[in-house]
Structures are given as C-alpha cells and as structure tokens.
Amino acid sequence: MAKITAAITAVHGYVPEYVLNNSELAQMVDTTDEWITSRTGIRERRILKGEGKGTSVMGIAAVQGLLKKTNTNPDSIELLICATTTPDMQFPATANIICDMAGLKHAWGYDLQAACSGFLYALTTASRMIESGSIRRAIVVGADKMSSIIDYTDRSTCVIFGDGGGAVLLEPNTHGLGILDCIMYSDGAGRIHLHQKAGGSAMPASKETVEKKLHYVYQEGQAVYKFAVSRMADVGYEIMTKNGLGPEDIAWLVPHQANKRIIDATAHKMGLPDNKVMINIQKYGNTTNGTIPLCLWEWEKQLHKGDNLILAAFGGGFTWGAVYIKWAYDTK
Ligand code: UT7
C-alpha cells in the first residue's frame, strides 16, 4: 500500500482592519519609525478592535474562508487544532469555539501552546494523525490576538507584535506530496527570558498582578534574539541537509516573522537568496501563531505542485522547529 502523507490542500487567512503604524506608535511611546524599521523590519501591524472579540474571531473567519473557497462540507472535518498563545479563555479551548461557530459539528479539537512555534507543532501533530490513517480531514489554525497581552506603554514589546491568523486544510496524499519531514525542539530553561508572569495557576489574577502589569508579555529582547537567530537558522539548515536538499532545490523559505534580521540570518545559513524568502513582517509584525499561515495565504497563488518549502520558527518556551513540505497543488 502506498505511504500516506498529510498534504496542505488549501490555506486561508484573516487580518483585522485596523492598521497601527509606526508613526501612531511613536505618539504612544518614545520610539521612531526609523528605530522600529531598522531593528525589526516592521512598518505596521493589525489590531483587533471591539469589545468581547478574542482570537476565535480571526480563527473563525480563516476557517469559514477555507471551507468556502474549497467548497468543503464542514461535516467532513474530523479534527481542528488551534495553535494560540492568546486563547479566548483559559477554558474551553478556542478550538471548541471555532468548531462551534464555523459549523464543524463532527470535529474534535483542542488548543496547542508552543508560543511562536505553535503552528509548526500543530502541523506536525495533525500530520501524524493523518499519516496513521485515523483522521482523513483536519484543519490547523494558527491565530493570536497579541494586542490582548501587550503593554502599550512598553516600547520594547509594543512595537513588535500584531494580531492575525490563518488556517490550513490537511488531507491524505499517496503521491509523495505534502509534509515530508518535521524536526521540533524545546528547551524550558529559556522560559525565564520570555513569558507572561500572571494569569496561570502559579500566579492567578489578582488586584496586585494587574497593578504590577504582570499579565503582559515579558521579553528580554537581546537574550531571546541570540537564541532565535542561531536556533532557527540551525534547524532550517538541519532539515535541508537531512533531506538531501541544496539551496537550488528549495522554492521557498517560510519563516516565522519575529524580526527581519532573524529571517535574514536563517536564509543566509541556508544559502537562500532574498527572492526565495516569504517576508510580510513589514505589514503585520509578529502575529505569533499567525505568521506562517499568513505567509502561505499571501503566497498561495505563487506556489506550484512539487515545490519544496521549508517552514521554520522559534518562540517562547523556548520552542523551535522546521517542517519540510512538497507543495501539493497549483492554485487555479
Ligand atoms: O517571536 C518570538 C521570539 N521573539 C523574538 O525572536 C524577538 C527577539 N528579539 C528581538 O527581535 C530584538 O531584541 C528586539 C527587536 C526586541 C530589540 O532589538 P535590539 O536591537 O535587541 O534592541 P535592545 O533591546 O538591545 O535595545 C537597544 C536600545 C536600548 O537603549 P539603550 O539601553 O541602548 O539606551 C533600548 O532601550 O534600544 C532601546 N529601545 C528602543 N528605542 C526606540 C528598545 N525598544 C525601543 C523602541 N524604540 N521601540
């Protein structure tokens, strides 16, 4: 029997309408467009506005768009994994909310937390279930409302993050297309450099935690940068060499969009020219779990059946990893 692989057969994304650009940020904190652009590559980011609107709003829109464009019956989806660091609530899972609101009546689902590497972790997990034959159709969502955990008086974090998300449809393939390899890592010792201090079971929310601003992203930028730049480049290079791929064999690098300098270093280590690297950080900033599906969505029409793609990410945890995909379709 032919080996089953899991192939992405469609992708869709969603970004909120509101654009927060660098000049507006420069009126909120002591920063400049020049500093943000030269240190990160970011010019603007999207913000989800509106009372009661959480990450699920973006996940639902991405899933609904995915089902519509592929004319897929929601009843045929068996599994939905939502990679997010900003779930609507502690429980139930945002995946459950998305399934309900998008009409996925026969799907089970759960959230997956691996900070900025979450989408790749979720893709790896879902692809294994499809390879095993236990699931035929799955959706992986990567979405975050980072603005809900950002302190807009802290210039070192508020310039970096934005809101957005995307979703991919996964189906079995028996022609050697789809997700061909995944390499994932984590190192919990890195948690001291990037985390949210309060709101979990170790430090539940209280008047004090709110007053001390402990519900926001805490990041030691330079320390995280040092790890991110080496680990993401190393794992991208590792998956290439493990699969016998040279730079000429790779059509696209799809990197997590945390900092343009980290992306450039990864591409450099892999020997890839700029025109093979998906970059939209200038428009959206770091949307955490949203970055990679948003890139795939934006470049979907330029992707061809048989193209070799390397997806790579690094995030809080620390977590990092890479996925090798042989793209399964041409967009009509
Ligand atoms: O996605 C998950 C993982 N996260 C990452 O990969 C992020 C990794 N880190 C980074 O991308 C970078 O470290 C940052 C973009 C966060 C910061 O850039 P940096 O070049 O490492 O800056 P820095 O933290 O070393 O700060 C340099 C200076 C400091 O001033 P002094 O102490 O030299 O006077 C900061 O206070 O820049 C100052 N600074 C700013 N100045 C203007 C920090 N933020 C700003 C700002 N505007 N927004």
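Each chain carries its own residue numbering, running from 1 in the written order of its sequence. Side-chain atom pairs in this predicted model are given and counted only at pLDDT of 80 or more, local residue features only at pLDDT of at least 70, and totals for whole chains, interfaces and linings cover all residues. Hydrogens are left out, water is left out, and the side-chain values use all remaining heavy atoms of the structure.

(A) Looking closely at the overall build of the chain. Put simply, DSSP H or I for four residues or longer makes a helix, DSSP E for two residues or longer makes a strand, and each gets a number counted from the N terminus. Looking only at helices and strands, the chain features eleven helices and 13 strands. In terms of overall size, the chain behaves like a compact globule, its C-alpha atoms giving a radius of gyration of 19 Å where 332 residues would be expected to give roughly 20 Å. Each residue is assigned to one of three classes by its accessible area relative to the maximum for its type, calculated with a 1.4 Å probe on protein chains only: buried under 20%, partly exposed between the two thresholds, exposed over 50%. Buried positions account for 55% of the 332 residues belonging to the chain. Note on contacts: a residue pair qualifies if any of its non-hydrogen atoms lie within 4.5 Å across the two residues. Long-range contacts, defined as pairs at least 24 residues apart, comprise 76% of the intrachain contacts of the chain with a sequence gap of at least 6. Here the Shrake-Rupley method, with its probe set to 1.4 Å, supplies the accessible areas, and only the displayed protein chains count as covering residues. When the accessible surface of the chain is summed, it comes to about 14300 Å², and 53% of that surface belongs to carbon and sulfur atoms. Both charge centroids of the chain, one from 32 positive and one from 33 negative side chains, sit 1 Å from each other. Radius of gyration here uses only the C-alpha atoms, and the compact-globule reference equals 2.2 Å multiplied by the residue count raised to the power 0.38. Positive charges come from Lys and Arg, negative ones from Asp and Glu, while His and the chain ends are left out of the count. Where a charge lies is defined by one atom per residue type: Lys uses NZ, Arg uses CZ, Asp uses CG and Glu uses CD.

(B) Representation of the domain arrangement of the chain in the model. Domain annotation of the chain identifies domain 1 (5-176) and domain 2 (180-326). What marks off one domain from the next here is an automatic or database domain assignment. Computed over C-alpha atoms only, the centres of domain 1 and domain 2 are separated by 14 Å. With 53 residues of domain 1 at the contact, the number on the domain 2 side is 47 residues. We define buried area as the total accessible area lost by two parts upon association, computed with a 1.4 Å probe and summed across both. Regarding the contact of domain 1 and domain 2, the summed buried area is about 3700 Å², with carbon and sulfur atoms giving 60% of it. With its nearest N and O atoms 3.5 Å apart, the salt bridge here joins K213 to D151. Counting of polar contacts relies on pairs of N or O atoms within 3.5 Å, with two restrictions inside protein: one atom must be capable of donating a hydrogen and the other of accepting it, and residues adjacent in sequence are counted only when both atoms are side-chain atoms. For the interface between domain 1 and domain 2, the tally reads 20 residue pairs in polar contact (both at pLDDT 80 or more). Mapped onto the side of domain 1 that touches domain 2, the elements with two or more residues apiece are β1 (5-14), α2 (33-40), β3 (44-47), α5 (118-131), β6 (138-145) and β7 (163-173). No other element matches the eight residues that α5 contributes to the side of domain 1 that touches domain 2. Salt-bridge detection follows one rule: a side-chain nitrogen of Lys or Arg within 4 Å of a carboxyl oxygen of Asp or Glu.

(C) Structural detail: the site of the ligand. Residues are counted as near a molecule or strand when any one of their heavy atoms sits within 4 Å of it. Around the ligand sit 24 residues, and of these T31, R39, Q222, N259 and N286 come closest. Within the side chain of R261, a nitrogen or oxygen atom sits 3.1 Å from an oxygen atom of the ligand. Here the ligand has 960 Å² of accessible area as a free molecule, and 74% of this is covered by the chains. Mapped onto the shell around the ligand, the elements with two or more residues apiece are α2, α6 (155-158), α8 (221-242) and α9 (260-269). Considering every element that reaches the shell around the ligand, the biggest residue donor is α8, with five residues. Ten residue types, Ala, Val, Leu, Ile, Met, Phe, Trp, Tyr, Cys and Pro, are classed as nonpolar, four, Asp, Glu, Lys and Arg, as charged, and the remainder, Gly among them, as polar. Tallied by class, residues from the shell around the ligand come to eleven nonpolar, nine polar and four charged. Per-domain counts for the shell around the ligand show at least three residues from each of domain 1 (5-176) and domain 2 (180-326).

(D) View of the layout of surface pockets. Here a cavity is any set of points on a 1 Å grid over the protein atoms alone where a 1.4 Å probe fits but cannot get out, and a pocket is any open set with protein on both sides within 12 Å along at least 5 of 7 lines; a residue lines the site when it has an atom within 4 Å of a point. Grid points are joined across faces, edges and corners, and a volume is the space filled by probe spheres set on the points. Space inside the second largest pocket adds up to approximately 170 Å³. Around the second largest pocket sit T9, A10, K69, T70, E300, Y329, D330, T331 and K332, which together line it. Mapped onto the lining of the second largest pocket, the elements with two or more residues apiece are β1 and α3 (55-70). Considering only residue class, the lining of the second largest pocket consists of two nonpolar, three polar and four charged.

(E) Seen up close, the sheet that holds strand β4 (residues 79-83). The strand order β1-β7-β6-β4-β5 describes an open sheet built from five strands, whose pairing is mixed. Taken across any chain shown, the strands that pair with only one partner, and hence form the sheet edges, are β1 and β5 (108-112). Direction aside, neighbouring strands of the sheet carry axes that sit 20 degrees apart on average. Sheet topology places β6 next to β7; eight bridges connect them, and they run antiparallel. What sits directly across from I139, in β7, is L169. Across the face of the sheet, helix α11 (residues 291-299) comes into contact with β1, β6 and β7 while running at roughly 85 degrees to β1. For two strands to be treated as a pair, DSSP must find no fewer than two bridges joining them. Axis lines are fitted to C-alpha atoms, over the contacting stretch for helices. Their N-to-C directions set the angle, which ranges from 0 to 180 degrees.

(F) Just the pattern of salt bridges, in detail. Enumeration according to the criterion identifies eleven salt bridges in this entry. Residues E300 and K69 are paired through a salt bridge, measuring 2.8 Å at the closest nitrogen-oxygen approach. Of this pair, E300 sits in the loop between α11 and β12 (308-315) while K69 sits in helix α3, and the two are 231 residues apart along the sequence. A relative accessible area of 7% places E300 in the buried class.

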